[in-house]
Amino acid sequence: MSKIRLRTKFLLSLLAISAGLTAATLLIVSYSVQKRVRESIREELRNSVNTYKSFEKQREESLTRSAELIANLPNVRALMTTDDAVTIQDASADIYQLSGSDLLILANRAGTVAGLRTSASGLDRSTAQDLLRRSLDRGESRDWWFGGGHLYEVWIQPIYFGAPSQNTTIGLLAVGDEVDEGAARDFSNIASSEVVFHFGDIPVASTLAAAQQSDLAHQLSGSAMNLSGTPREIQLGAERFVVATVSLSPEGGPAVSLSVLKSLDKATSFLGGLNHSLMGLGLLSVLAGSVLVFLISHTFTRPLGSLVAGVRALEKGDFSYPLESSGGDEVTEVTGAFVRMRAHMEKSQNEQRQLEERLRQAHKMEAVGRLAGGVAHDFNNLLTIIRGNSDLLIDREGSDNFHRRCVEQIQKAAGRAVSMTRQLLAFSRMQVLQPRVIELNTIVAEMGKMLPRLIGEDIEYAFIPDPLLASVKADPGQIEQVFLNLAVNARDAMPNGGNLTIQTANISIDEGEADKRPPMTPGLYVLLSVTDTGHGMDDATKTHIFEPFFTTKEVGKGTGLGLATVYGVVKQSGGFIWVISSPGKGTTFEIYLPQISGPVPKFDLETKPSAIPHGSETILVAEDEAGVRELACQFLRVKGYTVLEAKDGREALEIATKHSGPIHLLLSDMVMPKMNGGELAGRLKAIRPKIRVAFMSGYSEFSRGEMGSEFPRAPVLQKPFSPASLVGIVREALAESTTDQATKTIESRVT
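Residues numbered from 1 in each chain as written. Predicted model: local features only at pLDDT ≥ 70, side-chain atom pairs only at ≥ 80, totals over all residues. Heavy atoms only, no water.

What follows concerns the overall build of the protein. Assigned secondary structure in the protein consists of 21 helices and 23 strands. Counting over 751 residues, the protein shows a buried share of 43%. Across the protein, every contact between residues at least 6 apart in sequence was considered, and the portion connecting residues at least 24 apart equals 65%. Of the roughly 39600 Å² that the protein leaves accessible, carbon and sulfur atoms contribute 55%. (Helix = DSSP H or I, 4+ residues; strand = E, 2+ residues; numbered from the N terminus. Buried < 20%, exposed > 50% of the residue type's maximum accessible area, 1.4 Å probe, protein only. Contact = heavy atoms within 4.5 Å. Areas by Shrake-Rupley, 256 points an atom, 1.4 Å probe, with all protein chains shown as cover.)

Here's what the structure looks like:
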């Protein structure tokens, strides 16, 4: 049967029902008559209940409108603004007469009863206060109150000061109608039925006799009370009734209900004899029908109900709600398709959340990077002034040892500041790099010679190189910095010693692997992995390790720029970095750099700097930072140059126009207000074609781009600079000995 289609199941079920009904038709005729009588009574009860609901709805609309009109009366608003309980109580009599209700309550904005009027005794101010407070706590504007043995249907209306849209409440108005024996008799006459109003298990208004009221309260007490309005039969004394009970109170409110009863014995007295003869057949029919209905609902309803519940759970975001999927009918196929669709939706939502998180992180890192680059740019100007003036002081004749030591301390502090600035620039990817084709194995092997002294004897160091490792294009100095930062980070993660393993390898990343490490792209890479056996990191720490100034070390033991610098250098070199770590299992940093084909060029060792040459040419210096400009001019004048100073591009043009003699070189900052260095150089070339050009820059975002594209051979001086680097770049720009020398970027390395 599990493989039978749903349609076949329905056909078989209908066939069985038809055969059973045909066989029992003659015997059920009499039962049908009695059933029709019962159904008629039940229909009358339903109509009675519906009539009361319709009447109740109309009365609710009418009384709600009446409460609104009373609450909006000027004298009511004026009365509530007095906030005097005695005055409100005295004046409430007129309002009570005007309302025509059985209960009137006036309360202040806090819900404290100030005026109380009732048509019957028993409901005191304390009880009314408690009832009002309960209604307000539930947020009900219509409620049922039971106090002093009386049941009231109450409407609560705010009293506004001004227009209701302004929501300025100055008090509350509550009006109520009592449900008493008279109200029960009135509705009983309309419905042609017996009527009982209950508060909980207590009948408060009824048309039944006292004994029948007690018997009804006993049968409908507690869980036995069915408030759905479904008619059912009960026995009250010697008489049977069909009763339908409905709840009149809002959800969460007091248990107020209405029971409508009709005598079954009076309506079916003529069928007494027939009932006795057909009782056996009726019992059998009920049993057979019950079994059949159970089988049908079990077969058809349960799988559909499970699927509907799964859809509702999906609407609430529950992707794991269990569904029945056994069998081979259409419901099973739909359930299977729904399960697959649900899994796909869950996967899509997870991927979307991950993409959104990565996008937010990327935006945050970009903003912090730009901030760090701007701070480093301004700081470079200050360091240029500090370092340059200390160079002038230390070279001054007649300085004693004490002053020389003071100047040397200034230079050391400036050198540390330069190092931190370079880290900020590396993080923000604005540092001037000198990339070239290099072999990682050679750099790691050379750095490994000094590494044991850095990490300590209790850490075992191992280097596993790939003998056929491809070349990469990067700045060797920055790669060394990356290597040292990761080694220091690994050392701090192993305070009690451990193993540090460096490994290189050629890696081919396909699309599948790239998707696991976004935002990597497929291609050929050189992998540099640094693995330690330290305490590792949890997921929360891994999400922040590349952020600037984030550190897990104690205060004063870390700047929080080490891994941020590593991230910046790797990204600026066109690579990717990935971290694998878990608490207690160590950490592995994987750096992927694109492979470069071709031979590795040989570079000569650095030679000792020669003496700074003198000159006699005329140089136009354009720099918006006054301290940097004065320092550069001082350096050049000391070496014999004639210097013209300009604080921006426009002033430089005016000086060049008015100066009658030759100007051999323009030394200009790349970024200045009013006119940048590239535009200034272009306009000067138009009026002085033979002038040479050199630039100064605080970071590489402007060192070679659109502003310098018209002068590809113009050298760039990186701030902060020393006297030697400044004079050197001036001599290089004036000489233009070779194309390679003219196009390279000179970076001042302060030691």
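So, next bit.
Moving on: the nonpolar core. In this structure, Leu440, Leu486, Leu500, Ile577, Phe589 and Ile591 are the most contacted members of the largest nonpolar core, which totals 37 residues. Setting aside anything within four residues of it in sequence, one finds Phe589 in contact with Leu486, Asn489, Leu528, Ser529, Val530, Met537, Ile545, Phe546, Leu563, Ile577, Trp578 and Val579. Ranked by size, the runner-up nonpolar core spans 23 residues in total, among them Val179, Phe197, Val242 and Leu248. (Core = buried A, V, L, I, M, F, W, Y, C linked by side-chain atoms within 4.5 Å.)

With 74% of its residues at a pLDDT of 70 or more, the protein shows a mean pLDDT of 77. The model gives residues 700–708 a pLDDT under 50, and that stretch makes 24 contacts with residues more than four places away or in other chains. Segment residues 737–751 is flagged for pLDDT under 50; beyond a separation of four residues in sequence, or across chains, it makes 36 contacts in the model. (pLDDT = per-residue confidence, 0-100.)

Bringing the packing of helix α2 (residues 74–82) against helix α3 (residues 85–99) into the picture now. Contact geometry for α2 and α3: axes closest at 10 Å, N-to-C directions at 165°. It follows that α2 is roughly antiparallel to α3 by the angle criterion. For α2 against α3, the interelement crossing comes out left-handed. In this structure, α2 contributes Val76, Leu79, Met80 and Thr82 to the contact, and α3 contributes Thr87, Ile88, Ala91 and Ile95. (Axes fitted to C-alpha atoms, helices over the stretch in contact; angles between N-to-C directions. Parallel < 35°, antiparallel > 145°, perpendicular 65-115°, else oblique. Left-handed = near helix turned anticlockwise from the far one by under 90°.)

What follows is about the sheet that holds strand β15 (residues 523–532). With mixed pairing, the five strands of this open sheet are ordered in space as β12-β14-β15-β17-β16. The two strands at the open ends of the sheet, each matched to only one other strand, are β12 (459–464) and β16 (576–581). Each strand of the sheet is rotated relative to its neighbour by a mean of 20°, with strand direction disregarded. As judged from the six bridges shared by β12 and strand β14 (residues 498–509), these two strands associate in the parallel manner. Bridge pairing in β14 places Ile464 opposite Gln503. (Pairing = 2+ DSSP bridges.)

Now for a nonpolar patch on the surface. Residues Leu382, Ile386 and Ile410 make up a contiguous nonpolar surface patch of roughly 240 Å² in combined accessible area. For Ile410, the position within the fold is in helix α10 (residues 401–427). Of the residues examined, Ile410 reaches a relative accessible area of 40% and is grouped as partly exposed. (Patch = residues over 30% accessible without salt bridge, like charges linked within 9 Å, V, L, I, M, F, W, Y side chains within 5 Å. Salt bridge = Lys/Arg side-chain N within 4 Å of Asp/Glu carboxyl O.)

The α-helix advances 3.6 residues per turn, and as a result positions three or four apart in sequence lie on the same side. Within helix α6 (residues 210–219), burial applies to Gln213, Leu216 and Ala217. Angularly, the buried residues of α6 cover 100° about the axis, an arc narrow enough to put them on a single face. What points out from α6, more than 90 degrees from its buried face, is the exposed set Ala211 and His218. Those residues of α6 that are buried are in contact with β6 (194–199), β7 (202–206), β8 (232–236) and β10 (256–263). (Arc of directions from axis to C-beta.)

Let us look at unusual backbone geometry. Most peptide bonds take the trans configuration, and most residues that are not glycine carry a negative phi. Geometrically, the link from Pro518 to Pro519 is a cis peptide bond, its omega value of 5° lying close to zero. Looking at the secondary structure, you find Pro519 in the loop between α14 (511–516) and β15. The backbone phi angle of Asp83 is positive, close to 60°, even though this residue is not glycine. Relative to the helices and strands, Asp83 is located in the loop between α2 and α3. Note on Asp83: relative accessible area 56%, which makes it exposed. For Lys674, which is not glycine, the phi torsion reads 75° and is therefore positive.

Its place among the elements puts Ile170 in strand β5 (residues 169–179). Put simply, Ile170 and Asn108 are 62 residues apart on the chain and 6.4 Å apart in space, counted from C-alpha to C-alpha. With sequence-adjacent residues up to four places away left out, Ile170 is seen in contact with Arg77, Met80, Thr81, Asn108, Arg109, Ile159, Tyr160 and Phe161.

As summarised here, the arrangement of the five strands in space is β7-β6-β10-β9-β8, forming an open sheet in which the pairing is antiparallel. Of all the strands in the sheet, the pair left with one neighbour each is β7 and β8. On average, adjacent strands in this sheet sit at an angle of 35° to one another, irrespective of strand direction. As paired strands, β8 and strand β9 (residues 239–247) are joined by five bridges and run antiparallel to one another. Each bridged residue has a counterpart across the sheet, and for Gln235 the counterpart in β9 is Arg240.

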